[in-house]
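Here is what each chain is made of, one letter per residue.
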Amino acid sequence: MWERDPHVFWVVKKAWSVTSHDNPMVNMYRKLKSTKEQLMKWNKMHFKKLSVQIEEARAKLKEIEGVSVFDEKVHTEARAVLDEALNREEIFWRQKSRIAWLKDGGRSSKFFMASIVTRRRRNYIPQL
């Protein structure tokens, strides 16, 4: 999800510029730690409420569509913002499901069994 945002490059670049020790391994550790901290802060500020971002984008699009003088450029930009917010939400939930699968998929748990049943039903071909 972060890859889609152009600001992530600058967050990482700023965090990676930390150097203050002669030992290269200590420098690497500090850079990685700083990058992790900066990305966590940036994530909380920038992607805190995906659902709110989507609702705001939808409201702005409805407002633009309700105007009597229709500007195609403004409408296209608003539609692009909404599409991007929806794509981010979809990626977010896809990543969340993979995390759950990696965490719980190896066990013979209720989650694991339900996901197998769902997959089998989806892949079943009743007849040719």
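See the structure printed just above.
Residues numbered from 1 in each chain as written. Predicted model: local features only at pLDDT ≥ 70, side-chain atom pairs only at ≥ 80, totals over all residues. Heavy atoms only, no water.

Draft legend 1. How the structure looks around the pattern of salt bridges. Taken as a whole, this structure holds five salt bridges when the rule is applied. The salt bridge involving Asp83 is made with Arg79; its shortest N-O contact spans 3.5 Å. On the criterion of helical spacing, the pair formed by Asp83 and Arg79 is a turn pair, its members being four residues apart in helix α4 (residues 72–104). A relative accessible area of 38% places Arg79 in the partly exposed class. Connected through shared salt-bridge partners, Arg4, Asp5, Glu84 and Arg88 make up one network. (Salt bridge = Lys/Arg side-chain N within 4 Å of Asp/Glu carboxyl O. Helix = DSSP H or I, 4+ residues; strand = E, 2+ residues; numbered from the N terminus. Buried < 20%, exposed > 50% of the residue type's maximum accessible area, 1.4 Å probe, protein only.)

Draft legend 2. Structural detail: the nonpolar core. In this structure, Met1, Val8, Val11, Leu39, Trp42, Phe47, Leu50 and Ile91 together form the largest nonpolar core, which totals eight residues. Of all the elements in the fold, those that place two or more residues in this core are α1 (8–16) and α2 (24–46). The contact partners of Met1, leaving out residues within four places of it in the chain, are Asn43, Phe47, Leu50, Arg88, Ile91, Phe92 and Gln95. Counting residues in each nonpolar core, the second largest holds seven residues, with Ala57, Leu61, Ile64 and Ala78 among its members. (Core = buried A, V, L, I, M, F, W, Y, C linked by side-chain atoms within 4.5 Å. Contact = heavy atoms within 4.5 Å.)

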